[in-house]
Amino acid sequence: MNFKLKLLVAGIALGFSASSMAADPIKIGVAGPFTGGSAPMGVSMRDGVKLAVAEINAKGGVLGRQIQLVERDDEAKNERGVQIAQELINKEKVTATVGYINTGVALASQRFYQEAKIPVMNNVATGSIVTKQFADQPENYIFRNSANDQIQSGMIVHEAVENRKFKKVAILADSTNYGQLGREDLEKALDKKGLKAVATEKYNLKDVDMTAQLLKAKQAGAEVVLTYGIGPELAQIANGMEKLGWKVPLIGSWTLSMANFIDNAGKNGNGTRMPQTFIQEPNTPKRKAFIDAYVKAYNPPGGRMPSAVSAAQGYDSIYLLAAAIKQAGSTDGPKVKAALEGLNEKIDGVVTTYSKPFSKDNHEAITADITVFGEVKDGKVVPAK
């Protein structure tokens with residue numbers, strides 16, 4: 001083969017490889033618990049993410065490339081989350097990752113993304129520290145579009161103390177990072193009102209009897225029970241109160257909206273209140289389209305999303321990320337991060353319309369005024385009156 005021909009063949013080969021590279025999919029990791037007690041949140045989040053990706057890909061993708069999801073089940077275990085983070089970064093070469101349901105898993109795993117300069121969009125985990133873990137570093141790659149625990153704890157205490165005039169408050173929190181960090185935020189919010197809980201009790205995952213904790217709260221004269229927990233154990237609180245014949249209001253973090261609380265508590269869950277960024281009600285055209293698409297795609301029992309908040313925030317997280325990749329004109333981590341910190345485009349999400357949701361110093365897309373109270377009523381969450 002003569003020299004000119006060799007050059008021509010090399011040029012054609014290079015052209016082919018360049019064009020195939022341009023068409024390579026954009027890989028985005030999805031990490032969350034798809035099995036176990038936190039699964040209603042993890043599965044709903046993943047399903048919301050998949051809906052958004054299907055819509056974006058149907059319209060041509062981002063930068064002319066399709067989005068490819070790389071899903072991993074972290075089982076709500078910190079050590080599994082760490083393994084997955086390393087795999088998604090080093091083997092799968094993801095552009096970004098969305099997910100994290102459990103605060104503990106987020107805190108254990110996201111340091112690998114920070115070191116690799118790859119953005120993480122926490123779309124469910126709410127521990128106040130999550131986006132502040134690397135706030136002392138020059139660049140922070142950790143973002144969030146869920147209502148953090150400072151927002152929620154402030155709302156919960158305001159509802160109990162200001163709106164409903166209770167002065168004797170009990171706190172029941174699970175032993176996870178989420179439960180204990182949330183308890184601390186509740187205590188800080190109470191302290192601002194000049195109050196201290198009359199009883200503060202802890203329980204473990206898989207506990208089936210809350211009698212001891214509830215008796216202490218009852219004997220201390222609690223007029224309301226505030227909760228911070230992640231799983232089906234929340235229903236044991238409502239059911240335990242019924243067994244004791246002790247009926248005081250239950251107000252807690254957003255997880256009280258999960259199907260495994262509502263179904264396991266039955267009538268004992270009625271009246272329970274919790275902060276919500278999204279309630280499964282078709283009160284805007286965007287929300288109606290999202291709910292209809294979700295129900296059609298996944299056919300959840302009774303047409304009710306296992307965790308509507310997780311599904312909606314999962315959906316929106318992909319649109320925020322896609323807008324940043326488009327604005328950056330690149331999948332390069334530092335460029336995508338910089339674009340997220342200065343998004344030009346308004347994003348019409350199902351939780352809210354996001355207008356400049358992030359800045360260099362603020363990686364929290366959700367504010368208190370976006371968050372509302374939901375109430376359990378006959379098997380579903382409705383807006384609290």
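Residues numbered from 1 in each chain as written. Predicted model: local features only at pLDDT ≥ 70, side-chain atom pairs only at ≥ 80, totals over all residues. Heavy atoms only, no water.

Q: Would you mind showing me how to read the overall build of the chain here?
A: Check the secondary structure of the chain and you find 12 helices and 14 strands. Against the globule reference of 21 Å for 385 residues, the chain gives a C-alpha radius of gyration of 23 Å, in line with a compact fold. Projecting the C-alpha coordinates of the chain onto the three principal axes gives extents of approximately 95 × 45 × 35 Å. Counting only residues that meet the buried cut, the chain has 56% of its 385 residues in that class. (Helix = DSSP H or I, 4+ residues; strand = E, 2+ residues; numbered from the N terminus. Rg over C-alpha atoms; globule rule 2.2 N^0.38 Å. Buried < 20%, exposed > 50% of the residue type's maximum accessible area, 1.4 Å probe, protein only.)

Q: Just checking my understanding: could you explain the sheet that holds strand β3 (residues 96-99) for this structure?
A: The sheet built from five strands is open, its strands ordered β2-β1-β3-β4-β5 with parallel pairing. Looking at strand neighbours, the two that pair on one side only are β2 (67-73) and β5 (142-144), the edges of this open sheet. Within the sheet, the average angular offset between the axes of one strand and its neighbour, ignoring direction, is 25 degrees. In this sheet, β3 lies alongside strand β1 (residues 26-32) in parallel orientation, the contact comprising four bridges. Following the sheet pairing, Ala31 is matched in β3 by Gly99. Sheet strands touched by helix α2 (residues 39-58): β1, β2 and β3. Its angle to β2, the strand with the most contacts, is close to 170 degrees. (Pairing = 2+ DSSP bridges. Axes fitted to C-alpha atoms, helices over the stretch in contact; angles between N-to-C directions. Contact = heavy atoms within 4.5 Å.)

Q: Even after reading the chapter, I still don't get helix α5 (residues 149-163), so can you show me in this structure?
A: Because the α-helix completes a turn every 3.6 residues, residues three or four places apart line up on one side. Helix length check: α5 (15 residues) gives 19 Å between terminal C-alpha atoms against 21 Å at 1.5 Å per residue, within 8%. Residues Asp149, Ile151, Gln152, Ser153, Met155, Ile156, Val157, Glu159, Ala160 and Val161 constitute the buried set of α5. Phi turns positive one or two residues past the end of α5, at Lys165, with a value near 60 degrees. (Expected span 1.5 Å × (residues − 1).)

Q: Looking at this structure, how should I read helix α6 (residues 177-192)?
A: Over its 16 residues, α6 extends 23 Å from the first C-alpha to the last, a length consistent with the 22 Å expected when each residue adds 1.5 Å. Taken residue by residue, α6 has Tyr178, Gly179, Gln180, Gly182, Arg183, Asp185, Leu186, Ala189 and Leu190 as its buried positions. In the core, the buried residues of α6 are packed alongside α4 (103-116), α5, β6 (169-174), β7 (199-203) and β8 (224-228). Downstream of α6 by a residue or two, Gly194 has a phi angle that is positive, lying close to 75 degrees.

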